[in-house]
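# Commentary on secondary and tertiary structure
Here's the letter readout for the chains.
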Amino acid sequence: MNKEIKKKWIMALESGKYKQVRHFLYIPYRGYCCIGVLREVIDPGVRYTNEESSYLSPEHARAAELSRKESRLLVRMNDGNGESTPQSFKQIAAWIRNNL
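Predicted, not measured: the structure shown is a model, and the values here were computed from it. Along each chain, residue indices are assigned from 1 in the same order as the chain's sequence is written. Only residues with pLDDT of at least 70 get local features here, since the model is predicted, and only at 80 or more are side-chain atom pairs given and counted; chain-wide, interface and lining totals rely on the full set of residues. For side-chain calculations, the full set of non-hydrogen atoms in the structure is used, while hydrogens and water are omitted.

## So, the side chain of serine 71
- A run of DSSP states H or I qualifies as a helix once it reaches four residues; a run of E qualifies as a strand once it reaches two. Both are numbered from the N-terminal end. Along the polypeptide, serine 71 turns up in helix 4 (residues 68-79).
- When checking whether two residues touch, look at their non-hydrogen atoms; a contact exists if any pair is within 4.5 Å. If near-sequence neighbours (up to four positions away) are discounted, serine 71 is found in contact with Ile35, Tyr55, Leu56 and Leu66.

Quick look at the structure:
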């Protein structure tokens, strides 16, 4: 993971500035998933469309030096699944700090 982006991403997740949502990068007036926050760190003020998934574009993933496997794991942490409960941004930030 790109060290400078990682540092900014962790700070953003821990800042309290971003409200957390599930299953989408961004929901207007509601909030972001952890990957949506990363996208804001990489490309501030980016415009979102309804067609976007909860994953980074290949260009943003390359900028962050984040693998598809890592991105998918973080989406599962944010959204939860049948086997796990969603993690808070602070929990996700701690995981990023220790594992990426």
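So, next bit.
## What to know about the packing of aromatic side chains
- Side-chain rings of Phe, Tyr and Trp (the six-membered ring for Trp) are treated as a pair once their centres are within 6.5 Å; stacked means planes under 30 degrees apart, edge-to-face means over 60, and tilted covers the remaining angles. Summed over the entire model, instances satisfying the criterion amount to two aromatic pairs.
- Ring plane angle 85° and centroid distance 5.1 Å describe the contact between tyrosine 18 and tyrosine 32, whose orientation is recorded as edge-to-face. Of this pair, tyrosine 18 sits in the loop between helix 1 (3-14) and strand 1 (26-27) while tyrosine 32 sits in strand 2 (residues 31-32), and the two are 14 residues apart along the sequence.
- Burial classes follow relative accessibility: with a 1.4 Å probe on protein chains only, a residue under 20% of its type's maximum area counts as buried, one over 50% as exposed, and anything between as partly exposed. Residue class for tyrosine 32 comes out buried when judged on its relative accessible area of 14%.
- Among the aromatic residues, those joined into a cluster by ring pairs are Tyr18, Tyr26 and Tyr32.

## Description of the packing of helix 4 against helix 5 (residues 89-99)
- Two elements in contact, helix 4 and helix 5, have axes whose closest approach is 10 Å; the angle formed by their N-to-C orientations is 155°. Our classification of the angle between helix 4 and helix 5 gives roughly antiparallel. Judged by the sense of rotation from one axis to the other, the crossing of helix 4 with helix 5 is right-handed. Here helix 4 contributes Leu73, Leu74, Met77 and Asn78 to the contact with helix 5, which in turn contributes Phe89, Ile92, Trp95 and Ile96. Inter-axis angles, ranging from 0 to 180 degrees, are taken between N-to-C directions of lines fitted to C-alpha atoms, where helices are fitted over the stretch in contact. When describing relative orientation, an angle under 35 degrees is termed roughly parallel and one over 145 degrees roughly antiparallel, while 65 to 115 degrees is termed roughly perpendicular and anything else oblique. In a left-handed crossing the near helix is turned counterclockwise from the far helix by less than a right angle, and in a right-handed crossing that turn is clockwise.

No statement about biological role is implied by the geometric values presented.
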